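# Analysis of the macromolecular model
Spelled out, the chains give:
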Number of protein chains: 2
Amino acid sequence: MTLEMVAARAGVARQTVSNAINSPELLRPQTLERVRRAIDELNYRPHRAAQALRTRASRLIGYGIRPSLGGVATPVLDEFLHAISDAADQAGYRVVLFSAPPDEELERYQQLLDEQGADGFVLSGTHRGDRRQAWLHKKGVPFVAFGRTWTGRDVGDWVDIDGAAGTAAAVRHLAALGHRDIGFLGWPKGSGAGDDRAQGWHDAMRDLGLPVRNRRVETPTDLALASQAADRLLDGGVTAVVAASDALAAGCYQALHRRGRTPGTDVAVVGFDDSPVATMLWPSLSSLAQPIEAVGRECMRLLLDRLNGVQREAEHVLLPPELIVRDSV
Amino acid sequence: MTLEMVAARAGVARQTVSNAINSPELLRPQTLERVRRAIDELNYRPHRAAQALRTRASRLIGYGIRPSLGGVATPVLDEFLHAISDAADQAGYRVVLFSAPPDEELERYQQLLDEQGADGFVLSGTHRGDRRQAWLHKKGVPFVAFGRTWTGRDVGDWVDIDGAAGTAAAVRHLAALGHRDIGFLGWPKGSGAGDDRAQGWHDAMRDLGLPVRNRRVETPTDLALASQAADRLLDGGVTAVVAASDALAAGCYQALHRRGRTPGTDVAVVGFDDSPVATMLWPSLSSLAQPIEAVGRECMRLLLDRLNGVQREAEHVLLPPELIVRDSV
DNA sequence: GCTCCTCCTTGGAGCGATCCAAATACTTCC
DNA sequence: GGAAGTATTTGGATCGCTCCAAGGAGGAGC
């Protein structure tokens, strides 16, 4: 099924059919109608590769995925992929996945560009020392990141969750319930998102005149270690804990269970991500839900601008997470 | 960067460069070496769209994703996507995502085929009444499914987890520990995977001469409902529960907690999927881990056969899950 | 009726690769 | 040394689409 065949059927030239699809305003209404009917009858769709070859645009958006690191690392990735894929589809684009192992990440991006396998990229999991943004920017490749530029010069568009606003909201909520001794269970310093979430807790505590000293502990995302870290907070006598993730909150649950205390009743706990785990824990975990759908939509909006050659300053979108209150507070 | 430019640099004809890439055995060693050097120096990569146009093969594999239904529905999808994407990359293919809302699912597959946007498909989440396999088979489109053909004539290749083997293993493990009263917490009849898992429990119980009557309850994946369903099992006096998913197992945990009993100590519980939740629950949940990496590899192996035009009978691969024993038994 | 102008429609060229068949280079053997 | 045969290399055509510039139809104005 080609343009030529549609043209024959409609009794017009090849180019006229092309115009009917790409610049319908050029055609006389009755011609347009005739061509459209032929397209419908034959169920014609342009050949993507031919379009791509001629227009030098694949209408594909690259999304580099790192090898799975045990699964826990990316609890929200799934939903995010859904969101950008949906949004891309509506704009006539599609998302193409490619493997990007950390050690040869940029080479893989380069490869996709060389073979014109993608017109732009969506990055996720941006981190300190991430070279992708600067690299893509320098090459003038359209891209958008889910996650801020944590280091170096801030280049390109990004969309991110306002982690600080989230943990601050959690602190205020807990303070309103009478808690004064609120600890923070976070990741080791140096991770962008983690530091951001810690900052929100810290600032909100300060604002409320609550003590922060010795009330912040750090741990990697390992349940046993997280649980031990939570122990240190509990030993310090906190009555509430804000965690940097639901996984860490689960570690806190374990620490409480071990000492025969009940989350929610004895010590309040708030997680982050509102992952499926939150409802499955007992008692159900209050958590900060990330508006992933909205993040995906915003990402595509910004990226489409760039793909369409819109010239504008870099735009940054910061979306607040929503505190979902459950039985743990 | 085109073939022509590489050819100019190497001092040969366009076609010779093409042969160097696609049929190196045709070239004289020294010519091959010269061309290869030119390719390296210029960092040349073939233009995908041009290749696709000429060879009528996009080297893209379609993966239709349904709108996210709240996230819980697909705990393993993430890992699976990683797996097939990695395997595809190694074979020179890439995975392209497209939205396939249930009501116009086949139209979207058709669209991708019409525009030659994919050479084959990977299906997941096959279910009773799934029309995709028969439809693709009839059209002669290469595809492979993660999940059996649950209804109708069994067509095409598939890879699946042997759910029955998994639950049977769980039952045998529990029986070996002395449990005789083992309940099954499953989904409503009619879901392929759910019935399969129930069957494994049922058959193993029979084999061991253990009672099954009134020891199987059904519930949708909703924590409150699952918890009530678990109550009915516990009221019946079971000493162990095998659940069709970790989410249902979590419901069982809640039922136990509510009546002041401890999972593992008072009643043994085994989940299914070995999702991140399993380690986060307290006590940690024993579960049946799906070898998703292997599923992905096998899927790609079968699909690549079809893409390469290998003629053979439909192949079915059934991989056993592995029982991960934790504190809940 | 004719010119001029605008609005639509059309054929030719080319995007970058591979298929194909023909041309050339190199061996082998007498 | 030359014919015959095989091994390499080459140029032309083509995939389906869009760019471009030129061609034709139709209407306004004199």
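That block above? That's the structure.
Note that the structure is predicted; figures quoted are calculated from it, not measured. Numbers given for residues are sequential positions, taken from 1 along each chain in its written order. Whichever chain is written first is A, and whichever ligand is written first is 1; the rest continue in order. Totals for whole chains, interfaces and linings use every residue, but because this is a predicted model, local features are given only for residues with pLDDT of at least 70 and side-chain atom pairs only at 80 or more, for both listing and counting. The side-chain figures draw on all heavy atoms in the structure; neither hydrogens nor water molecules are used.

### Re the protein's contact with DNA strand C
What counts here: In these notes, residues near a molecule or strand are those with any non-hydrogen atom within 4 Å of it. N or O atoms within 3.5 Å of each other form a polar contact, as long as, within protein, one can give a hydrogen and the other can take it, and as long as residues adjacent in sequence are counted only when both atoms are side-chain atoms.
Neighbouring DNA strand C are 27 residues, the closest being Thr31 of chain A together with Leu3, Gln15, Ser18 and Tyr44 of chain B. Within 4 Å of the protein, the contacting atoms of DNA strand C are 62% sugar and phosphate, with bases supplying the remainder. Within the contact set of DNA strand C, a phosphate oxygen lies 2.7 Å away from a side-chain nitrogen or oxygen of Arg56 of chain A. Arg14 of chain B is positioned such that a nitrogen or oxygen atom in its side chain is 2.6 Å from a base oxygen of DNA strand C.

### Comments concerning the pattern of salt bridges
Spelled out, the test is: Whenever a carboxyl oxygen of Asp or Glu lies within 4 Å of a side-chain nitrogen of Lys or Arg, that contact is scored as a salt bridge. Secondary structure is summarised from DSSP: a helix means a run of H or I of at least four residues, a strand means a run of E of at least two, and numbering begins at the N terminus for each.
For the structure on display, the rule yields 59 salt bridges over all chains. The shortest N-O distance in the salt bridge between Asp274 of chain B and Arg326 of chain B comes to 2.9 Å. Here Arg326 of chain B lies in the segment after strand E12 (322-324) and Asp274 of chain B lies in the loop between strand E9 (268-273) and helix H12 (277-280), a separation of 52 residues in the sequence. Through salt bridges with shared partners, a single network forms among Asp157, Glu298, Arg301, Asp305, Arg306, Arg312 and Glu315 of chain A.

### What to know about the sheet that holds strand E6 (residues 182-186) of chain A
All names here are of chain A. The cut-off we apply is this: Two strands pair under a simple rule: DSSP has to find at least two bridges between them. Inter-axis angles, ranging from 0 to 180 degrees, are taken between N-to-C directions of lines fitted to C-alpha atoms, where helices are fitted over the stretch in contact. In what follows, residue pairs with any heavy atoms lying within 4.5 Å of each other are defined as contacts.
The six strands lie next to each other as E7-E6-E8-E9-E10-E12, forming an open sheet whose pairing is mixed. Pairing within the sheet leaves two strands with one partner each, and these edge strands are strand E7 (216-218) and strand E12 (322-324). Shown here is a sheet whose adjacent strand axes are inclined to one another by a mean of 20 degrees, direction ignored. Strand direction decides the pairing type here: E6 and strand E8 (residues 240-243), joined by four bridges, are parallel. Its bridge partner lying in E8, Gly183 is registered against Val241. Seen against the sheet, helix H9 (residues 192-207) touches E6, E7 and strand E9 (268-273) and runs at an angle of roughly 170 degrees to E6. Against the sheet, helix H11 (residues 246-258) makes contact with E6, E8, E9 and strand E10 (286-289), and its axis sits at roughly 155 degrees relative to E9, the strand it touches most.

### Let's talk about the interface of chain A and chain B
Rule in force here: Each of two parts loses accessible area, computed with a 1.4 Å probe, when they are put together; buried area is these two losses added.
Facing the 45 residues of chain A at the interface are 46 residues of chain B. Between chain A and chain B lies a buried interface of about 4,700 Å² when both sides are counted; carbon and sulfur atoms form 60% of it. Taken together, the links from chain A to chain B amount to eight salt bridges. The closest approach of N and O atoms between Arg108 of chain B and Asp89 of chain A, which form a salt bridge, is 3.4 Å. Secondary structure elements with two or more residues in the side of chain A that touches chain B: helix H4 (48-55), strand E1 (60-65), helix H5 (77-90), strand E2 (94-99), helix H6 (105-114), H11 and helix H12 (277-280) of chain A. The element contributing the most residues to the side of chain A that touches chain B is H5 of chain A, with seven residues.

### Details of the pairing of strand E11 (residues 316-319) of chain A
All names here are of chain A. To be explicit about the condition: Exposure categories follow from relative accessible area, calculated using a 1.4 Å probe and restricted to protein chains: below 20% of the type maximum is buried, above 50% is exposed, and the middle band is partly exposed.
Because side chains alternate across E11, one face comprises the buried residues Val317 and Leu319, and the other comprises His316 and Leu318, none of which is buried. Sheet topology note: the strand E5 (residues 157-161)/E11 ladder contains four bridges and is parallel. If you follow Ile161 over to E11, its bridge partner there is Leu319.

### Notes on the packing of aromatic side chains
Selection criterion: Pairing of aromatic side chains here covers Phe, Tyr and the six-membered ring of Trp, requires ring centres within 6.5 Å, and sorts the geometry by plane angle: under 30 degrees stacked, over 60 edge-to-face, intermediate tilted. Whether a charge sits over a ring comes down to the Lys NZ or Arg CZ being within 6 Å of the ring centre and within 35 degrees of the ring normal.
A complete count under the given rule lists 12 aromatic pairs over all chains for this structure. For the pair Phe98 of chain B and Tyr109 of chain B, a centre-to-centre distance of 5.0 Å together with 85 degrees between the ring planes defines the contact as edge-to-face. Here Phe98 of chain B, found in strand E2 (residues 94-99), pairs with Tyr109 of chain B, found in helix H6 (residues 105-114); they are 11 residues apart in sequence, far enough to count as distant. Each member of the pair Phe98 of chain B and Tyr109 of chain B is classed as buried. Taken together, Tyr63, Phe80 and Phe146 of chain A form an aromatic cluster joined through their ring pairs. Here the guanidinium or amino end of Arg59 of chain A rests over the ring plane of Tyr93 of chain A, the centre of that ring lying 4.6 Å away.

### With respect to the relation of the copies chain A and chain B
Threshold: Only residues with pLDDT of at least 70 in both copies count here: their C-alpha atoms drive the least-squares fit that superposes the copies.
If you rotate chain A by 180 degrees and push it 0.0 Å along the axis, it lands on chain B with an RMSD of 0.1 Å. With respect to symmetry, the two chain copies, as superposed, fit the operation of a two-fold axis. A symmetric contact is evident, with 100% of the interface residues of chain A recurring at the interface of chain B.

### Quick notes on the side chain of Arg132 of chain A
By the element assignment, Arg132 of chain A lies in helix H7 (residues 132-139). Reaching out from Arg132 of chain A, the side chain makes a polar contact with the side chain of Asp130 of chain A at a distance of 2.9 Å.

### A look at the environment of Ala7 of chain B
All names here are of chain B. By the element assignment, Ala7 lies in helix H1 (residues 3-10). For Ala7, a relative accessible area of 2% translates into the label buried. A C-alpha to C-alpha distance of 38 Å links Ala7 and Cys299, two positions 292 residues apart in sequence. Those residues in contact with Ala7, other than ones at most four positions away along the chain, are Val12, Ala13, Arg14 and Val17.

### As for the packing of helix H1 (residues 3-10) of chain A against helix H2 (residues 14-22) of chain A
Residue and element names in this part refer to chain A. So the rule is basically this: Each angle gets one of four labels, with under 35 degrees taken as roughly parallel, over 145 as roughly antiparallel, 65 to 115 as roughly perpendicular, and the rest as oblique. Amino acids are sorted into nonpolar (Ala, Val, Leu, Ile, Met, Phe, Trp, Tyr, Cys and Pro), charged (Asp, Glu, Lys and Arg) and polar (every other residue, Gly among them).
Across the interface, H1 lies against H2 with an axial gap of 8 Å and an inter-helix angle of 100 degrees. Viewed along their axes, H1 and H2 adopt a mutual orientation that is roughly perpendicular. Facing H1, whose interface residues are Leu3, Glu4, Val6 and Ala7, H2 presents Arg14, Val17 and Ser18. Class assignment of the residues belonging to the contact of H1 with H2 gives a composition of four nonpolar, one polar and two charged.

### Quick notes on the pairing of E9 of chain B
Residues and elements named next belong to chain B. Convention followed: Here is how to tell: hold the view so the strands point away, follow the path from the first strand over the helix to the second, and if it runs clockwise the crossover is right-handed.
Burial of E9 is extensive: six of the six residues sit out of reach of the surface. The pairing of strand E8 (residues 240-243) with E9 spans three bridges and is classified as parallel. The partner of Val242 across the bridge, within E9, is Val270. Between the parallel pair E8 and E9, the chain is carried across by helix H11 (residues 246-258), and the sense of this crossover is right-handed. Taken together, the four bridges between E9 and strand E10 (residues 286-289) define a ladder with parallel strand orientation. Looking at E10, one finds that Asp273 is bridged to Ala289.

### Points about the protein's contact with DNA strand D
Neighbouring DNA strand D are 27 residues; Leu3, Arg14, Gln15 and Tyr44 of chain A together with Thr31 of chain B lie closest to it. Among atoms of DNA strand D positioned within 4 Å of the protein, sugar and phosphate together represent 63%. The separation between a phosphate oxygen of DNA strand D and a polar main-chain atom of Ala13 of chain B is 2.8 Å. Side-chain polar atom of Thr31 of chain B to a phosphate oxygen of DNA strand D: 2.2 Å apart, as the coordinates give it. Residue assignment for the surface near DNA strand D shows that the elements contributing at least two residues are H2 and H4 of chain A together with helix H2 (14-22) and helix H4 (48-55) of chain B. The dominant element in the surface near DNA strand D, judged by the number of residues it contributes, is H4 of chain A, at five residues.

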